[in-house]
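Results of the structural survey
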Amino acid sequence: MTPDLFDAAPAVPSPAERVRELHRLLHHHAHRYYVLDAPEIPDAEYDRLFRELQALEATHPELLTPDSPTQRVGGKVLDGLMPVRHAVPMLSIETETDTTAAGAQSFDARVRKALGLTDADPPVAYAAELKFDGLAINLRYEQGVLVQAATRGDGETGEDVTQNVRTIGQIPLRLNGCEAPVLEVRGEVYMRRDDFEALNAKQREKGEKTFINPRNTAAGAIRQLDPALVAQRPLSFYAYGLGEVQGWVVPATHAQMLDALQAMGLPVCEERAVAQGAAGLTAFHEAVRAKRDALPFDIDGVVYKVNALALQQQLGFKTREPRWAVAHKYPAQEMLTTVQAIEIQVGRTGKLTPVAKLAPVFVGGVTVTNATLHNEDEARRKDVRVGDTVIVRRAGDVIPEVVAVLPEKRQPGAEIFTMPHSCPVCGSAAVREEGEADYRCTGGLFCSAQRKQAMLHFAGRRAVDIEGLGDKLVDQLVDSGVVKTLPDLYRLGLTALASLERMADKSAQNIVDALEKSKQTTLPRFLYGLGIRHVGEATAKALARHFGKLDAILDATEDQLLQVPDVGPIVAQSIHTFFQQEHNREVVEQLRACGLHWEEGEPSPSAQLPLAGKTFVLTGTLPTLSRDEAKDMLEAAGAKVAGSVSKKTDYVVAGEEAGSKLDKARELGISVLDEAGLRGLLQG
Ligand code: IVH
């Protein structure tokens, strides 16, 4: 037998080889999952590989290394955090507090002066990035393996938080293609806003104290002594710089350095640019300001860094800050103000929400005068009282919130807040049901606040769309007693409208026209407009599609309702109860009698629809179809339209200027259609 034949036999890997292969696979898939948000394999397959590695390590302890993916969890509870002296001090950045464009200009002027440049010289190139609102961390990699993570501390000495940092899935335990003896990567550990909101929602559910903001929560988590607790706090990371480096050739510019870190598998924020001169910086500052609320995490400004490392060296340092970098702020997302009153708002479904009326305060870029206190328990836990000085937070599209009280500023005699037991608007009893966090007004449509909200909802753009029927007009109509029920709206004559205070003849005519126009609607819009609890747009569409006709829905049993996709027991019960009530049926009949109409179809249980069970994502601008039109067409064919691309997406429909969703679709190998492709698919 020749040795060749031996080699051809299927090679069974040795345990050491298999462990190496599992490391490679698990690192690769963790990167796809946590950093690129684009997994290639199902979670269950990842878990299987992970368990295989755990089993091998248990039987061969000598094969267990610190960069093993199994080492992310399971660290010991510590007595305290050990000090770590930074090989290269962690500096701070000078802050430019002028939030206008002038902030960027004065930094550029300082840099040019220090470099001895004149007006005749070309603009300086800057690396512009976000100023993440978290805490700075130094990650030390030796031979490409994460060996230590430390907080900034006082800049000279920080604390060892290695085992906590290991729990952050986004942070690679081993770098891709870098085995340098020492590479220290610096960056920010932060918490995404959606992760923060979800964490607080859980706290509220458990009746526990909520966290103040993502920054404090991330900072608190990273300094925890028990890594198991840290693993329950979803943290994220972005790299933005270097510490000590040995045996790695640092690229010539900051931007190239970030690209190199990204290629090693470290998360680097995509929201970065190379900007030319003051004009480039100002444009970046403006562009980021415009999208600040839409970012998934908090930032408190942007950071500009001279791009060329050679120029950075030439500029050097002041005592603790480099001359080559500056942080350019935005208006703060948290501010102090005082509570002038606590009012109770009544929602469309009767929910009573305590709202703090605040001394006006500029926060997160807008002037805020109201902030939600959520519910009784939350208001009590925070112990907010009239007269208190409070911290208000407004970040992203989340409604402004009172996040904490400054107890030391409380005036003597301030009274504890209690929820009223009757509706402040209609006087009906307000009850809090067992297991519920909210008080509800029991007045139903007898309550003018609920009626007003119900009308505004019915008139909304996504419901029957009565243009011009805003809250001021609804207040006038309801308060004057002219309109008591939804159908009353359609009985309004021009004279009645024109006789309202501050109503010009022309506006009255516009409302009459808008009411007339709204009569021609669709069944889903009408159903959604009724404001049945738990019936959003998607459910309304599903109901219309499934039953075809309104009468079939009015008479459906709970069991029949449960046949509709996405309708569970709570929703089915809510719909059934709504239509069982005589006054609700009466409203529906009267609206029909007033002339509201729509096309009715044949029942089409979803399974028969051509695109049933398929998920689509729309991105970019299509040549002829608007986003809403494409969505409607897809939903009519039984498809679901989602907002973001994941492995569950079946098709991405991309038009002009499609952005990251298209990139992600390509990465995940998802079919991409243009408008023609979409039409083709819809035609079957
Ligand atoms: S660079 C020498 N870049 O801001 C420059 N810092 O005072 C060192 N920060 O606590 C820092 N985003 O954690 C840099 N893109 C960014 C940053 C950033 C946030 C934080 C950093 C530190 C503070 C600097």
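We now turn to the structure provided with this report. (Residues numbered from 1 in each chain as written. Predicted model: local features only at pLDDT ≥ 70, side-chain atom pairs only at ≥ 80, totals over all residues. Heavy atoms only, no water.)

In this section: the overall build of the chain. What the chain contains, in helices and strands, is 26 helices and 22 strands. Projected onto its principal axes, the C-alpha positions of the chain cover 90 × 80 × 60 Å. Looking at the chain as a whole, 47% of its 684 residues qualify as buried. Considering only residue pairs separated by 6 or more positions, the chain has 67% of its internal contacts joining residues 24 or more positions apart. In the form shown here, the chain has an accessible surface area of approximately 33,400 Å², with 52% of it arising from carbon and sulfur atoms. (Helix = DSSP H or I, 4+ residues; strand = E, 2+ residues; numbered from the N terminus. Buried < 20%, exposed > 50% of the residue type's maximum accessible area, 1.4 Å probe, protein only. Contact = heavy atoms within 4.5 Å. Areas by Shrake-Rupley, 256 points an atom, 1.4 Å probe, with all protein chains shown as cover.)

Time to look at helix α14 (residues 471-479). For α14, the full list of buried residues reads Leu473, Val474, Leu477 and Val478. Take α14 and look down its axis: the buried residues cluster within an arc of 125 degrees, on one side only. Away from its buried face, by an angle of more than 90 degrees, α14 presents the exposed residues Lys472 and Asp479. Residues of α14 that are buried make contact with α13 (448-459), α15 (486-490), α16 (494-498) and α17 (505-518). Directly beyond the C-terminal end of α14, a positive phi value near 85 degrees is found at Gly481. (Arc of directions from axis to C-beta.)

Turning our eyes to something else, we now look at the site of the ligand. In the vicinity of the ligand lie 13 residues, with Ile93, Glu129, Leu130, Glu188 and Tyr240 positioned nearest. At 2.8 Å, a side-chain N or O of Glu129 approaches a nitrogen atom of the ligand. In this structure, Tyr240 approaches the ligand through a side-chain N or O atom, which is 2.7 Å from an oxygen atom. Protein burial of the ligand: of its 520 Å² of free accessible surface, 86% is covered by the chains. (Near = heavy atom within 4 Å. Polar contact = N/O pair within 3.5 Å; in protein donor to acceptor, adjacent residues only side chain to side chain.)

The next thing to look at is the packing of aromatic side chains. Within the structure shown, the criterion is met by 15 aromatic pairs. Considering the side-chain rings of Phe107 and Tyr126, the 5.6 Å spacing of their centres and the 50 degrees angle between planes classify their relative orientation as tilted. Placement of Phe107 in helix α4 (residues 102-114) and of Tyr126 in strand β3 (residues 125-132) is noted, with a sequence separation of 19 residues between them. Comparing Phe107 with Tyr126 shows no difference in burial state: the two are buried. The interplanar angle of 70 degrees and the centroid separation of 5.6 Å between the aromatic rings of Tyr238 and Phe297 together place this pair among those described as edge-to-face. Pair noted here: Tyr238 is in strand β8 (residues 236-246) and Phe297 is in the loop between α10 (277-291) and β10 (299-306), with a separation of 59 residues, a long-range link. On the accessibility criterion, Tyr238 (15% relative accessible area) is buried. For Phe297, a relative accessible area of 4% corresponds to the buried category. Three or more aromatic residues joined by ring pairs form one cluster here, namely Phe132, Tyr190, Tyr238 and Phe297. (Phe/Tyr/Trp six-rings, centres within 6.5 Å; stacked < 30°, edge-to-face > 60°.)

Core analysis: the biggest nonpolar cluster contains 53 residues, and Ile466, Leu489, Tyr490 and Phe579 have the highest contact counts within it. Each residue touching Ile466, except ones within four places of it in the same chain, is listed here: Phe458, Ala459, Leu489, Tyr490, Ala514, Leu515 and Ser518. Listed in part, the 36 residues of the second largest apolar core include Ile137, Leu183, Val230 and Trp248. (Core = buried A, V, L, I, M, F, W, Y, C linked by side-chain atoms within 4.5 Å.)

Under the defined criterion, the tally for this structure stands at 52 salt bridges. Across the pair Lys357 and Glu343 runs a salt bridge whose closest N-O atoms are separated by 3.5 Å. Residue Lys357 is found in strand β13 (residues 351-363), and its partner Glu343 is found in strand β12 (residues 334-346); the two are separated by 14 residues along the sequence. Three or more residues are tied together by salt bridges with common partners; here these are Arg140, Glu142, Glu184, Arg186 and Glu244. (Salt bridge = Lys/Arg side-chain N within 4 Å of Asp/Glu carboxyl O.)

Okay, the sheet that holds strand β7 (residues 182-190) next. Taken together, the four strands give an open sheet; going across it, the order is β5-β4-β7-β8, and neighbouring strands pair in antiparallel fashion. Of all strands in the sheet, those bounded by a partner on one side alone are β5 (145-151) and β8. Neighbouring strand axes in the sheet, compared pairwise and without regard to direction, differ in orientation by 25 degrees on average. Bridging between strand β4 (residues 135-142) and β7 involves seven bridges; their strand directions are antiparallel. From the neighbouring strand, Tyr141 faces β7, where its bridge partner is Leu183. (Pairing = 2+ DSSP bridges. Axes fitted to C-alpha atoms, helices over the stretch in contact; angles between N-to-C directions.)

We now examine the environment of Thr619. Position of Thr619 relative to the elements: it lies in strand β19 (residues 615-619). Taking C-alpha positions, Thr619 is 34 Å from Thr372, a pair spaced 247 residues apart along the chain. Look past the residues within four positions of Thr619 in its chain and what remains in contact with it is Arg627, Val652, Val653, Ala654, Gly655, Ala658, Gly659, Lys661 and Leu662.

The next thing to look at is helix α2 (residues 15-35). Here α2 contains 21 residues, and its C-alpha end-to-end distance of 29 Å stays within 8% of the 30 Å for a straight helix at 1.5 Å per residue. Every buried residue belonging to α2 is among Val19, Leu22, His23, Leu25, Leu26, His27, His29, Ala30 and Arg32, and all of these are buried. On its buried face, α2 sits against α3 (43-59) and α25 (660-668). (Expected span 1.5 Å × (residues − 1).)

For the rest of this paragraph, the subject is the environment of Ala437. If you trace the backbone, Ala437 turns up in the loop between β17 (430-432) and β18 (439-441). Remark: the alpha-carbon pair of Ala437 and Gly207, spanning 230 residues in sequence, is separated by 9.3 Å. Leave out the neighbours within four places in its chain, and Ala437 touches Asn375 and Arg432.

With that out of the way, let us pick up empty space enclosed by the protein. Applying the stated criterion to the full structure yields two cavities of 30 Å³ or more. The space that makes up the largest cavity amounts to roughly 50 Å³. Together, Glu129, Leu130, Phe132, Ala239, Tyr240, Leu258, Val268, Cys269, Glu271 and Arg272 line the largest cavity. Of all the secondary-structure elements, those providing two or more residues to the lining of the largest cavity are β3 and β8. The biggest single contributor to the lining of the largest cavity is β3, with three residues. Its boundaries defined by the atoms lining it, the second largest cavity holds a volume of some 40 Å³. When grouped by side-chain class, the residues that make up the lining of the second largest cavity number three nonpolar, no polar and four charged. (1 Å grid on protein atoms, 1.4 Å probe; cavity = no way out; pocket = protein on both sides within 12 Å on 5 of 7 lines; lining within 4 Å. Points joined across faces, edges and corners; volume = space filled by probe spheres on them. Nonpolar A, V, L, I, M, F, W, Y, C, P; charged D, E, K, R; others polar.)

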